[in-house]
Every structure is written in C-alpha cells, then in structure tokens.
Amino acid sequence: MDKALYVAMTGARASLQAQGTLSHNLANTDTPGFKEALANTEAFPIKGDGYASRVDALHVDAGFNRRQGAQQITGNPLDLSLQAGNWLAVQAPQGGGEAYTRGAALSITPNGQLVTAGGHAVLDENGAPIAIPPHQAMDIGNDGTISIIPLGEGPQTMANIGRIRVVQAEDARLERGLDGLMRNTDPQQPFVQAQGKSLESGQLEGSNVDAAGALVQMIQLQRQYEMQVKVIKHGDENARSANSLLRLGG
C-alpha cells in the first residue's frame, strides 16, 4: 500500500509544479516574443536496497513551444520582429555573457544605451553593448543595421553606427534560464550572425501562449491533483483498516 501512496504523492507534487509552469505562461500572455514553457512528467524508478518497486512521478522541463506569435504593427522604429529561427543577442544580467530573446521591444536609456523592455543591453555584431549618440532621426534596417541623422544635421549626414547582433539558433541548443533569457547549451559552438533580412522594424511578435488552452489545462491539472489526493486518503484509510484487522486477529 505504501507504494501506491508514494506514487500518488509524487504525482500530486508533479501536478502542482505543472500548475506553476502554466501560471507563469498565463502571466506572460501579453509579453512580446514570449515562448510558452512546456511541462511534462516521467517515471523515475527509485534505486536502493531491496526490490526496485517504487516509482517517482517526476516533473521535467520539456523546453518551450517553438510556434511564432502573432505579429503586432506598432509603427515604433524601436519595435522589432525577428524572422523565424532568429534571436536577439543581449547582455546577461549575471556575469555578463551573451543571452538571447525574441522580445525585441527596445528603448534608449537617458545615457544612450539600447536596451530591451527588461533592461538588458542589446549587443552589436562584435558582442559589445550598443550606445546610440544624440540624434534627430533613427532607422533600423532589415539586416539589423542602425542608422541615425545626428542632432542638428541634415538627412545627407545619415550614418551607420553599428549592427544589432541577431543570431540564427537551433531551438534544440537553447535553454531558458531563471531570468527568462535563453542560453546556448554548447558555448564552445557560438551562434552565427544572421545574414540578409533578419528582422522587421515597426512591429512586434506577440506571445505564443494560448490563454484559453492554458486555462483548460489548469482545470485538468486541478482535477488530476484532487484525484491523487483522494488516492492518498483512501490508501491511508485502507492501511488503518488493515491494521485494525491485524489487531483483532492477534
């Protein structure tokens, strides 16, 4: 009986963890470029002395949904929508390094640094943070090239000041960190700069979370959790009844 209780207990725990993943997805239904996190479970046999009869229902991170989100036209030249398979390179918050996102709603800080909505510095093709000089007009080309007309100058003075680092990355080599940014699972093989048309300016890719579907999954997980708790309760009652019969028989 303890084996059934153990499986039901670990299953209930996995259901709660899956609920947390769905809650995170729902909280990001309006986050540009957000990729839905996936959750799954797998059987994990418990090893040790004796017969291996106990199996843990283990919650596992199944990666993220690769589907592209809907396009939203904004008209803001700092809003970028990346082509499929492309990722924007940003500076990771801890230890520097390079991380990736598809959330390309950019802005310029008072000191001229180009950053994402999360405050992460956008990198250029050489891996350095991009600083934008004072300007009166700015344009980001489809290949990530940034052009400006300096403050107080005419259109004939338009100059290129750098190129945004947009990489082509295989989804299988990307792993989401706790900060929501993606990392290269094999740093020894860096991603290459995307060539040709890599983005569109003036529009954003929306989140690919299906809010209605996530709510349905939450209801299903809640019912699943309740069933697992009932198994635990009935297993405990059966154990009590068995102990009572053993005492009577003694």
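Up top is the structure these notes are about.
The rules we used
- Residues numbered from 1 in each chain as written.
- Predicted model: local features only at pLDDT ≥ 70, side-chain atom pairs only at ≥ 80, totals over all residues.
- Heavy atoms only, no water.
- Buried < 20%, exposed > 50% of the residue type's maximum accessible area, 1.4 Å probe, protein only.
- Helix = DSSP H or I, 4+ residues; strand = E, 2+ residues; numbered from the N terminus.
- Pairing = 2+ DSSP bridges.
- Polar contact = N/O pair within 3.5 Å; in protein donor to acceptor, adjacent residues only side chain to side chain.
- Axes fitted to C-alpha atoms, helices over the stretch in contact; angles between N-to-C directions.
- Contact = heavy atoms within 4.5 Å.

Asker: Help me understand the pairing of strand β5 (residues 86–92) in this model?
Answerer: Here β5 lies mainly inside the structure; 6 of its 7 residues are buried. Sheet topology places β5 next to strand β12 (residues 166–168); 3 bridges connect them, and they run antiparallel. When the bridges of β12 are listed, Leu 88 appears paired with Val 166. The loop that links β5 with its antiparallel partner strand β6 (residues 96–101) comprises 3 residues; one of these, Gly 95, has a positive phi angle of about 80°.

Asker: Can you walk me through the side chain of Thr 145 in this structure?
Answerer: Its place among the elements puts Thr 145 in strand β10 (residues 145–150). The class for Thr 145 is buried, based on a relative accessible area of 18%. In this structure the side chain of Thr 145 is engaged in a polar contact, spanning 3.0 Å, whose partner is the side chain of Asp 143.

Asker: I would appreciate a short explanation of the sheet that holds strand β9 (residues 135–140) in the present structure.
Answerer: Strands pair in a sheet through their backbones, by hydrogen bonds, and they do so in one of two ways: parallel or antiparallel. Spatially, the 3 strands line up as an open sheet ordered β9-β10-β11, and their pairing is antiparallel. Since the sheet does not close on itself, it has two edges, and those belong to β9 and β11 (159–163), each with one partner. Here the average twist between neighbouring strands, direction ignored, is 25°. For β10 and β11, the ladder comprises 4 bridges, and the chain directions are antiparallel.

Asker: Which parts of the structure should I look at to understand the environment of Ile 73?
Answerer: If you trace the backbone, Ile 73 turns up in strand β3 (residues 71–73). Under the relative-accessibility criterion, Ile 73 is labelled exposed at 68%. Non-local contacts of Ile 73, meaning those with residues more than four positions away in its chain, are made with Gly 202 and Gln 203.

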